[in-house]
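Chain by chain, the residues run as shown.
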Amino acid sequence: MKMPITILDDPFLIQKVCEMKETGLFVSDIAKILSDETGMKITQISICRLLNAQKTKSPTILTELDYPSRNEIEEVFSEHLQKQENRICIHGGKQLKRNVMIEILTKFIKLEFTYMDVSTSLYKTADHESIYQHWRYLLDGHYIIKTENEKFKFCERVKKWKYGMF
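Considerations on the overall build of the chain
1) Next: Each helix and strand counted, the chain has nine helices and six strands in total.
2) Next: Taking 166 residues into account, the globule formula puts the C-alpha radius of gyration at 15 Å, and the chain, at 17 Å, falls close to it.
3) Next: Looking at the 166 residues of the chain, the share that counts as buried comes to 38%.
4) Next: In the chain, the proportion of contacts linking residues at least 24 apart, taken out of those at least 6 apart, comes to 58%.
5) Next: In the form shown here, the chain has an accessible surface area of approximately 10200 Å², with 53% of it arising from carbon and sulfur atoms.
6) Next: Of the side chains in the chain, 25 bear a positive and 23 a negative charge, and the two mean positions are spaced by 3 Å.

Focus: unusual backbone geometry
1) Next: One non-glycine residue with positive phi stands out, namely H142, at about 65 degrees.
2) Next: Relative to the assigned elements, H142 resides in the loop between α8 (128–140) and β5 (144–146).
3) Next: Backbone geometry places E150, a non-glycine residue, at a positive phi of 65 degrees.
4) Next: With respect to the helices and strands, the residue E150 is situated in the loop between β5 and β6 (152–154).

Let's talk about the pairing of strand β3 (residues 87–91)
1) Next: Where β3 lies against strand β4 (residues 94–97), three bridges are found, and the strand directions are antiparallel. Bridge assignment links H91 to a residue of β4, and that residue is K94.
2) Next: Where β3 hands over to β4, the hairpin turn is made up of two residues, of which G92 adopts a positive phi near 65 degrees.

Some words on the nonpolar core
1) Next: Among the nonpolar cores identified, the biggest contains 43 residues, and F77, F154 and V158 are the most heavily contacted of them.
2) Next: Tallying contributions element by element places α8 first for this core, with six residues.
3) Next: Aside from chain neighbours lying at most four places away, what touches F154 is F77, I104, L105, F108, I109, F113, Y143, I144 and K159.

Remarks on the packing of helix α1 (residues 11–22) against helix α3 (residues 44–53)
1) Next: It is at 11 Å that the axes of α1 and α3 come closest, and there the two elements cross at 85 degrees. Accordingly, the angle class assigned to the pair α1 and α3 is roughly perpendicular. Listed contacts from α3 to I14, V17 and K21 of α1 are I47, L50 and L51.
2) Next: Of the residues contributing to the contact of α1 with α3, the split by class is five nonpolar, no polar and one charged.

Reading the values: the criteria
- Residues numbered from 1 in each chain as written.
- Predicted model: local features only at pLDDT ≥ 70, side-chain atom pairs only at ≥ 80, totals over all residues.
- Heavy atoms only, no water.
- Helix = DSSP H or I, 4+ residues; strand = E, 2+ residues; numbered from the N terminus.
- Rg over C-alpha atoms; globule rule 2.2 N^0.38 Å.
- Buried < 20%, exposed > 50% of the residue type's maximum accessible area, 1.4 Å probe, protein only.
- Contact = heavy atoms within 4.5 Å.
- Areas by Shrake-Rupley, 256 points an atom, 1.4 Å probe, with all protein chains shown as cover.
- Lys, Arg positive; Asp, Glu negative; His and termini not counted.
- Charge placed at Lys NZ, Arg CZ, Asp CG, Glu CD.
- Pairing = 2+ DSSP bridges.
- Core = buried A, V, L, I, M, F, W, Y, C linked by side-chain atoms within 4.5 Å.
- Axes fitted to C-alpha atoms, helices over the stretch in contact; angles between N-to-C directions.
- Parallel < 35°, antiparallel > 145°, perpendicular 65-115°, else oblique.
- Nonpolar A, V, L, I, M, F, W, Y, C, P; charged D, E, K, R; others polar.

Written out as structure tokens, the structure is:
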């Protein structure tokens, strides 16, 4: 029987917990994912202790160059390109698919949403780990941005591209 980890002190795990929490994952999901990935029993309380001990991170100010270009947006969300090839790239060890990205865009372009909203809407399309990697790609590429009320929305460039104004 594995002993549960009550104190997280590995810098790699600490960074991973912080990144996962920032993307909107629940503590229970973080504990399950990390336990599966590491083979160690990581408890929810150890993650809560870590997150409570972390200082609040100041919001990052993005410049114009940080947002995706028109070509990058088309590469990810183009239905025409999906007919040619559905695969976009490998991110976090998972193959990203254009149809999943297009489905996220179509369902949430006008809304503010959470990771859980996306996960719930895509549970028949992809597995949990795949959904998370698609989410991370959108977040890391600044296709989606965090709002003041701890939800996410598509950036203005993606919205303008979707509605033919970019």
